[in-house]
Amino acid sequence: MTVTLLTNIGRLWTGTDMVSNAAVILDGDRVAWVGSGANLPAHLPGVLSDIVDVDQVENLSGGLVTPGLIDAHTHPVYAGNRYAELALRASGASESEITAAGGGVSSTVTVTRGTDPWTLCNAVRERLRHWLLAGTTTVEAKTGYHLTRDGELADVRLLRSLEQEPGMPRLHVTFFAAHSVPPEYFGRPADYVKAVGSWLDDAGAAGADSVDVYCDNHQFTAEDTQWLLSSGQAAGLRTRMHACAKPRFGTVRMAAQLRCSSVDLQHDCGEDDIRALADSRTPGVVCPPSILASGRTPPVRALLDHGVPVALGTDHNPGVSGANSVALAIGLAVAMFDMTVVEALRAATASGAQALGCADRGVLAPGCYADLVLWDADHEGAFAWSYPLKPSKIWRGGAEIR
């Protein structure tokens, strides 16, 4: 194990507090000590017999350091693009007009199904690499563009295999076969719901961490969603929800009652929904890049004021958001949601870890993964100025990413 001392940190966001003139000691792939540089320990049980036993010292020249950022909502497993559809939408075309022109989720499903596994793997690898190089060390990654048993399970295995490669972020894999009803099940949505429910045990065995359901007027009903999420819990999976339905569906309150790990894209939630999330401490995930495109803004300030943990995602997907920088999401969150920079940083670190159920990241504390970012700035206010702020150095598990 290599013991590394990172010293002369001007500003350190630990995930819970901001520390000035800080230092961090890394023991292999874990954090061993965090605090003021003036309080560096001479002895650290299990790590140092004396401070001179540090293997290497890195002077960070007064820079800003945070935990590795966490993207709590992404859709990276797809082939092709939907640029023409995006141009139509920008020209004022309705969703029905876009669908009639061959766009929508089904168009990505068609292209993804027709892409050979090697080409798909290379495309996903390149996308994930961009996340890490932008300072995001953990990515929640959904399947959802095959919509067949074998295709969705293959996507889970693909993500798990990529995570083991050098230069990849950590992944939290979400099984998202309930993204849309595929064309072969047209007119038989109940049959597809039953089929997806039968795949959940296999999804867990393949390496999925969570199951997600797109609960919306045109996708899966509240009843479908409740049954699938309950089935996912029985299969040992964490549960998430695309809570895009109108309030009359009661999806947000349902997610709170089910103790979902997160409720995402809750654009239309009202006071009762917010109170339900607050009472259950269910995290909400908001995605500024896709909200810019949709124009549907969740009540983030009200969520925070009621004590709801709020996490950030990019919602990277082929139809709406090509963003793969959580630093960009931080800047947008400050501008769009009346969040302070520290609130946005918390959403991108500690609250993101909470939404994923990962207590070993998102904070810099003894025993947590040594995932850190040195930013090209000396103060956290730079996130609200540079879109996105660029990292100077990135460590994943104590190893510097080059």
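What counts, and at which threshold
- Residues numbered from 1 in each chain as written.
- Predicted model: local features only at pLDDT ≥ 70, side-chain atom pairs only at ≥ 80, totals over all residues.
- Heavy atoms only, no water.
- Salt bridge = Lys/Arg side-chain N within 4 Å of Asp/Glu carboxyl O.
- Helix = DSSP H or I, 4+ residues; strand = E, 2+ residues; numbered from the N terminus.
- Buried < 20%, exposed > 50% of the residue type's maximum accessible area, 1.4 Å probe, protein only.
- Axes fitted to C-alpha atoms, helices over the stretch in contact; angles between N-to-C directions.
- Parallel < 35°, antiparallel > 145°, perpendicular 65-115°, else oblique.
- Left-handed = near helix turned anticlockwise from the far one by under 90°.
- Contact = heavy atoms within 4.5 Å.
- Polar contact = N/O pair within 3.5 Å; in protein donor to acceptor, adjacent residues only side chain to side chain.
- Nonpolar A, V, L, I, M, F, W, Y, C, P; charged D, E, K, R; others polar.
- Pairing = 2+ DSSP bridges.
- Phe/Tyr/Trp six-rings, centres within 6.5 Å; stacked < 30°, edge-to-face > 60°.

Caption draft 1: Seen up close, the pattern of salt bridges. If you walk through the whole model with that rule in mind, you get 21 salt bridges. When the shortest N-O distance is used, the salt bridge between R11 and E380 registers 2.6 Å. Note that R11 is positioned in strand β1 (residues 3-13) and E380 in the loop between β13 (372-375) and β14 (391-396), a separation of 369 residues in sequence. Using a relative accessible area of 6% as the deciding quantity, one classes E380 as buried.

Caption draft 2: Spotlight on the packing of helix α6 (residues 189-206) against helix α7 (residues 222-234). In the contact formed by α6 and α7, the axes pass within 9 Å of each other and the chain directions differ by 15°. Of the possible angle classes, the one that applies to α6 and α7 is roughly parallel. As α6 runs across α7, the sense of the crossing is right-handed. Here α6 contributes V193, K194, V196, G197 and L200 to the contact with α7, which in turn contributes D224, W227, L228, S231 and G232.

Caption draft 3: Fine view of the environment of H306. You can see H306 is positioned in the loop between α11 (300-305) and β12 (310-312). C-alpha separation for the pair H306 and E271, spaced 35 residues apart in sequence, amounts to 9.9 Å. Those residues in contact with H306 that sit more than four places away from it in its chain are E271, I274, R275 and A278. Polar contacts involving the side chain of H306 include one to the side chain of E271, which spans 3.1 Å. Polar side-chain contacts of H306 include one of 2.9 Å to the backbone oxygen of A302.

Caption draft 4: Summary view of the packing of helix α12 (residues 326-337) against helix α13 (residues 341-348). Contact pair α12 / α13: the axes reach a minimum separation of 9 Å and the direction vectors enclose 140°. Viewed along their axes, α12 and α13 form a crossing whose handedness is right-handed. Of the residues in α13, those touching α12 at V326, I330, A333 and V334 are V341, A344, L345 and A348. Residue classes in the contact of α12 with α13 are distributed as eight nonpolar, no polar and no charged.

Caption draft 5: Up close: helix α9 (residues 271-280). Every buried residue of α9 is listed here: D273, I274, A276, L277, A278 and S280. One or two steps after α9, the chain reaches R281, where phi turns positive at roughly 60°.

Caption draft 6: How the structure looks around the pairing of strand β9 (residues 238-243). Among the six residues that make up β9, five are buried, leaving the element largely enclosed by the rest of the structure. Note: strand β8 (residues 210-215) against β9, six bridges, orientation parallel. Across the sheet, the residue bridging to V213 is M241, located in β9. In this structure, β9 lies alongside strand β10 (residues 262-264), joined through three bridges in parallel fashion. Bridge assignment links R240 to a residue of β10, and that residue is S262.

Caption draft 7: Representation of the packing of aromatic side chains. Inspection of the entire model under this criterion finds five aromatic pairs. An angle of 75° between the planes, with centres 6.2 Å apart, marks the rings of Y78 and Y145 as edge-to-face. One end of the pair, Y78, is in the loop between β5 (69-74) and α1 (83-90); the other, Y145, is in the loop between β6 (136-142) and α5 (149-163), and 67 residues separate them in sequence. Owing to a relative accessible area of 8%, Y78 belongs among the buried residues under this scheme. Among the residues examined, Y145 registers a relative accessible area of 2% and is labelled buried. For the pair Y185 and Y192, a centre-to-centre distance of 5.1 Å together with 55° between the ring planes defines the contact as tilted. Comparing Y185 with Y192 shows no difference in burial state: the two are buried.

Caption draft 8: Region of the structure containing the side chain of D212. Following the sequence through the fold, D212 ends up in strand β8. Within the structure, D212 has its side chain in polar contact with the side chain of H242 (distance 2.9 Å). In contact with D212, other than residues within four places in its own chain, are K142, T174, F175, F176, A178, R240, M241 and H242.

Caption draft 9: Inspection of unusual backbone geometry at higher detail. The omega torsion across Y387 and P388 is -5°, close enough to zero to call that bond cis. Within the secondary structure, P388 sits in the loop between β13 and β14. The phi dihedral of L265 is positive, around 55°, even though this residue is not glycine. In this fold, L265 is placed in the loop between β10 and α9.

Caption draft 10: Molecular detail of the sheet that holds β10. If you trace the eight strands from one edge of the open sheet to the other, you get β5-β6-β7-β8-β9-β10-β11-β12, paired in parallel fashion. Edge strands, defined here as strands with exactly one partner in the open sheet, are β5 and β12. Within the sheet, the average angular offset between the axes of one strand and its neighbour, ignoring direction, is 25°. Alignment of strand β11 (residues 284-286) against β12, held across three bridges, turns out to be parallel.

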